[in-house]
Amino acid sequence: VGGGIWNYATAEASQVGGGQYNYASSYHTSVGGGGYNGVYSSYSSVGGGQSNYVYNSYAMIGAGWNNRVYGHAASVDGGYNNSAYGSWSHVGAGESNRVFSSYNVIGGGYLNRIYGGSSTITGGYNNEIGPGHCHITGGSDNYLYGYAGVINGGNANTVYSSWTSILGGYSNVAYGTWSRVAGGYNNYANSDSSIVGSGYNNLAQYHGYVGGGDSNE
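Residues numbered from 1 in each chain as written. Predicted model: local features only at pLDDT ≥ 70, side-chain atom pairs only at ≥ 80, totals over all residues. Heavy atoms only, no water.

### Re the nonpolar core
Right, so step 1: Counting residues in hydrophobic clusters, the biggest one holds 30 residues, and the most contacted among them are Val54, Val69, Ile129 and Leu144.
Right, so step 2: Ignoring anything within four residues of it in the chain, the contact list for Ile129 reads Arg113, Ile114, Tyr115, Gly116, Ser119, Thr120, Ile121, Cys134, His135, Ile136 and Leu144. (Core = buried A, V, L, I, M, F, W, Y, C linked by side-chain atoms within 4.5 Å. Buried < 20%, exposed > 50% of the residue type's maximum accessible area, 1.4 Å probe, protein only. Contact = heavy atoms within 4.5 Å.)

Here is the structure:
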């Protein structure tokens, strides 16, 4: 223990640099400083901040407040109230972001969630990924439930099928496999291999294409 008050380094090769009420309680663990931080599994660390806790091995929290790491080799760089449950998962920063499976990344933002593996959310607000190998660039209230899908921003867009994408806009929906909505508002790619380019309230059916405009099918 380097300094501070009420710090505990209780295992072999564990250390606490300073601060207060910090715990390094497993083999080869460290807490750099801050307050009320804890490391409870081997080869893991907390750099600083407050009320950050690491519960698995080879894991790390850089700083911030009230962050948690439960996955093996997972990490949270900082921010507030972020959690990494999956192994080899990562949350960069932001607030109240959650990663529940392995090999996922949330860069930042607020209230973003990933449930499937090998997926990414770069940022934004209240975005959600269900299955694996998906990506949401940002925006808000976007939901991705199809395997290997993409939402490239915008607001309130939803993908339900695999290998499907929405590239932006507002309140667009892609139901069909290999379907796409490029942008616009309230457009639907309703069947497999259907495409809507842009516009408003357009509907593309099976293998169909609507370039734009208003209320076209």
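### Describing the environment of Ile5
Right, so step 1: Assignment of secondary structure puts Ile5 in the segment before strand 1 (8-9).
Right, so step 2: In contact with Ile5, other than residues within four places in its own chain, are Gly19, Gln20 and Tyr21. (Helix = DSSP H or I, 4+ residues; strand = E, 2+ residues; numbered from the N terminus.)

### A word on the side chain of Asn37
Right, so step 1: In this fold, Asn37 is placed in the loop between strand 4 (30-31) and strand 5 (38-39).
Right, so step 2: A distance of 3.3 Å separates a polar atom in the side chain of Asn37 from the backbone nitrogen of Ser51.
Right, so step 3: Look past the residues within four positions of Asn37 in its chain and what remains in contact with it is Tyr21, Asn22, Tyr23, Val31, Val46, Gly48, Gly49, Gln50, Ser51, Asn52 and Tyr53. (Polar contact = N/O pair within 3.5 Å; in protein donor to acceptor, adjacent residues only side chain to side chain.)

### Brief notes about the environment of Gly17
Right, so step 1: Take Gly17: it is sitting in the loop between strand 2 (15-16) and strand 3 (23-24).
Right, so step 2: The exposure class assigned to Gly17 is partly exposed, which follows from its relative accessible area of 42%.
Right, so step 3: Measuring from C-alpha to C-alpha, the distance between Gly17 and Ala93 comes to 23 Å, with 76 residues separating the pair along the chain.
Right, so step 4: Every residue in contact with Gly17, bar those within four places of it in the chain, is listed here: Gly2, Gly3, Val31 and Gly32.

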